Structures are given as C-alpha cells and as structure tokens.
Amino acid sequence: MERTLAIIKPDAVAARQVGAILQRIELAGFTLRWMRLVKLSRHDAEGFYAVHRTKPFFDSLVTFMSSGPAVVLVLESADAIRKWRALMGATDPAIAEAGSIRRDFGSSIEHNATHGSDAVDTAAFEVDYFFSDLEYSNSAEG
C-alpha cells in the first residue's frame, strides 16, 4: 500500500464541493487515513510550495493557497500516487480528461480544485508538512 497527500484547494472549499470530491475519492477505492481543515498562512504556503519559489506563478499560487480554508488528506491504496493523479486529471481543467475532478470542479490552471503529490519522496515531505504530529509512516501499519 502507498500513501499520498491530497488537498482540496480553497476554490473548491468555497464552492462547497468538498463532499462531492470526497465521494469520488471513496468511490475510487482510496482509504482515507487522515483529514484536516486548514487555513494556511502565507508563510505556511510558501514553505509547502518552496520547490516552486523561482517560478513565475509562485506568488499567485501562495496568495491563492492562503486565501481561504483547504482540506488536506492522506489517501492510501495500491499505487496511490499515480491513481490519485489520474483521478484529479491534468493541471489545466480545460484539457483535463472528462470525468476527472479538475475537469468537473476546476475553473483555471491555478484554481483547479485539488493538489496531489507527484512522487514517493514528495508525498513523504507533503504528508509530513501537515501531519507530522501523527508520526506519519509511509507503511500500511503507520
């Protein structure tokens, strides 16, 4: 079993889409290990997205992610990272696959409803960023 971080971003929370997104997650066969409602400070968002600090979209991403509440989740399943990324769809909702979360709930490349880890090492960092107090372990027993 593998674990990954998922975020239901402030745009989807504000649009009251959390329940519909959680239902899709459950129907896709994920086990929901942990979940929190968070309101990121600008400092927290900058730390989480530090890997993008030199990119032109960094400031707008941090501003958006600290604009309102978000739901952070740890999902578990076989091949969870790949499976969650497929369920989310492409970053740009305009080209995301029909039936994907981003296609159905996102409105732009930045306001695309969800985030997901892109690799095992990224997932470990991201889960720890939000859930270190739970003594996260990437094993099925943790």
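All values derive from a computational prediction rather than experimental measurement.

1. A short note on the pattern of salt bridges
According to the stated counting rule, one finds seven salt bridges in the structure shown. Here Arg36 ties to Asp133 by a salt bridge, and the two come within 2.6 Å at their closest N and O atoms. Of this pair, Arg36 sits in strand S2 (residues 31-38) while Asp133 is found in the segment after helix H7 (120-131), placing the two residues 97 residues apart along the sequence. Residue Arg36 is classed as partly exposed on the basis of its relative accessible area of 28%. The closest approach of N and O atoms between Arg42 and Glu46, which form a salt bridge, is 3.4 Å. One end of the pair, Arg42, and the other, Glu46, are both in helix H3 (residues 42-48), four residues apart, so they sit about a helical turn from each other. On the basis of relative accessibility, which here comes to 34%, the residue Arg42 falls in the partly exposed class. Three or more residues are tied together by salt bridges with common partners; here these are Arg3, Arg33 and Glu76.

Rules and cut-offs
- Residues numbered from 1 in each chain as written.
- Predicted model: local features only at pLDDT ≥ 70, side-chain atom pairs only at ≥ 80, totals over all residues.
- Heavy atoms only, no water.
- Salt bridge = Lys/Arg side-chain N within 4 Å of Asp/Glu carboxyl O.
- Helix = DSSP H or I, 4+ residues; strand = E, 2+ residues; numbered from the N terminus.
- Buried < 20%, exposed > 50% of the residue type's maximum accessible area, 1.4 Å probe, protein only.

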